[in-house]
Amino acid sequence: MKSIVCENYGPINNLKYKEMKPPILSDNDDVIIKVQSCGVNFPDGLLVQGKYQHKPQTPFIPGMEVSGVISSLGSNVNEFSIGDKVAALTQLGGYTEMVKITKESVY
């Protein structure tokens with residue numbers, strides 16, 4: 001799967017578009033979403049430059065929100081079904097083709 005990755009803090013044009021391993025379910029409360037769109041926000045630009053109050057360890061995938069279709073569910077997830085169209089608040093990891101997130105952050 002393709003993702004946009006911040007390998008080091010710096011200008012936005014330093015972000016890399018690269019092949020990454022797809023996420024796997026590792027918790028019974030996880031949901032995997034096939035991302036169809038993601039939010040691009042001012043804080044994302046600050047984050048990759050190291051100018052935001054939150055400074056994740058590099059490398060990381062920016063992106064605080066996504067929408068898409070559920071492709072996999074943990075065994076404790078009863079609120080959703082595979083194929084449901086959803087939105088999610090990711091905090092990080094939204095600039096990718098597939099994202100894993102806890103069910104509490106999915107709407």
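Reading the values: rules and limits
- Residues numbered from 1 in each chain as written.
- Predicted model: local features only at pLDDT ≥ 70, side-chain atom pairs only at ≥ 80, totals over all residues.
- Heavy atoms only, no water.
- Phe/Tyr/Trp six-rings, centres within 6.5 Å; stacked < 30°, edge-to-face > 60°.
- Helix = DSSP H or I, 4+ residues; strand = E, 2+ residues; numbered from the N terminus.
- Buried < 20%, exposed > 50% of the residue type's maximum accessible area, 1.4 Å probe, protein only.
- Lys, Arg positive; Asp, Glu negative; His and termini not counted.
- Salt bridge = Lys/Arg side-chain N within 4 Å of Asp/Glu carboxyl O.
- Polar contact = N/O pair within 3.5 Å; in protein donor to acceptor, adjacent residues only side chain to side chain.
- Contact = heavy atoms within 4.5 Å.
- Arc of directions from axis to C-beta.
- Core = buried A, V, L, I, M, F, W, Y, C linked by side-chain atoms within 4.5 Å.

*Asks:* What am I meant to see in the packing of aromatic side chains here?
*Replies:* Any two aromatic rings considered together are summarised by their centre-to-centre distance and by the angle between their planes. Counted according to the given criterion, the structure contains one aromatic pair. Taken together, a centroid distance of 6.1 Å and an interplanar angle of 50° make the contact between tyrosine 9 and phenylalanine 60 tilted. Highlighted residues: tyrosine 9 in the loop between strand S1 (2-5) and strand S2 (16-19) and phenylalanine 60 in the loop between helix H1 (42-49) and strand S4 (65-73), separated in sequence by 51 residues.

*Asks:* Please explain the side chain of aspartate 44 as it appears in this structure.
*Replies:* Secondary-structure assignment places aspartate 44 in helix H1. One buried charged side chain, aspartate 44, makes no salt bridge at all; its nearest oppositely charged neighbour is lysine 55, positioned 14 Å away. At 2.9 Å, the side chain of aspartate 44 forms a polar contact with the side chain of tyrosine 95. Here aspartate 44 is in contact with Gly39, Gly63, Met64 and Tyr95, once residues within four sequence places are set aside.

*Asks:* Honestly, H1 in this entry has me stumped. Any pointers?
*Replies:* For an α-helix the count is 3.6 residues per turn, leaving residues at separations of three or four pointing the same way. Within the span of H1, buried status applies to Asp44, Gly45, Leu47 and Val48. Each buried residue of H1 lies within a common arc of 160° when the element is viewed along its axis, so the set occupies one face. Glycine 50 sits one or two residues past H1 and shows a positive phi near 80°.

*Asks:* Honestly, the nonpolar core in this entry has me stumped. Any pointers?
*Replies:* Grouped burial of nonpolar side chains is what soluble globular proteins tend to show. Among the nonpolar cores identified, the biggest contains twelve residues, and these are Val31, Ile33, Val35, Val66, Ile70, Val77, Phe80, Val86, Ala88, Val99, Ile101 and Val106. Counting residues per element, the ones that place at least two in this core are strand S3 (30-38), S4, strand S5 (85-89) and strand S6 (98-102). Each residue touching isoleucine 33, except ones within four places of it in the same chain, is listed here: Val66, Gly68, Val69, Ile70, Ser71, Val86, Ala88, Glu97, Met98, Val99, Ile101 and Val106.

*Asks:* Looking at this model, I keep getting lost on the pattern of salt bridges. Mind explaining?
*Replies:* A side chain with one charge can pair with a side chain of the opposite charge if their charged atoms come near. Evaluated as defined, the whole model comprises five salt bridges. Ionic pairing is found between glutamate 19 and lysine 2, a salt bridge with its closest N-O pair at 3.6 Å. One end of the pair, glutamate 19, is in strand S2; the other, lysine 2, is in strand S1, with 17 residues separating them in the sequence. Close ionic contact of lysine 103 with glutamate 79 constitutes a salt bridge, the shortest N to O distance being 3.6 Å. With a gap of 24 residues between them, lysine 103 in the segment after S6 and glutamate 79 in the loop between S4 and S5 connect regions that are remote in the sequence. Classification of lysine 103 by relative accessible area gives buried; the value is 15%. By sharing partners, the salt bridges in this structure join Asp29, Glu79 and Lys103 into a single network.

*Asks:* Would you explain unusual backbone geometry in this entry?
*Replies:* A negative phi angle is the norm for most residues apart from glycine, just as the trans form is the norm for most peptide bonds. Omega for the peptide link from threonine 58 to proline 59 comes to -5°, which places this bond in the cis form. Along the polypeptide, proline 59 turns up in the loop between H1 and S4. Phi is positive for glutamine 91, which is not a glycine, with a value near 70°. The topology assignment puts glutamine 91 in the loop between S5 and S6.

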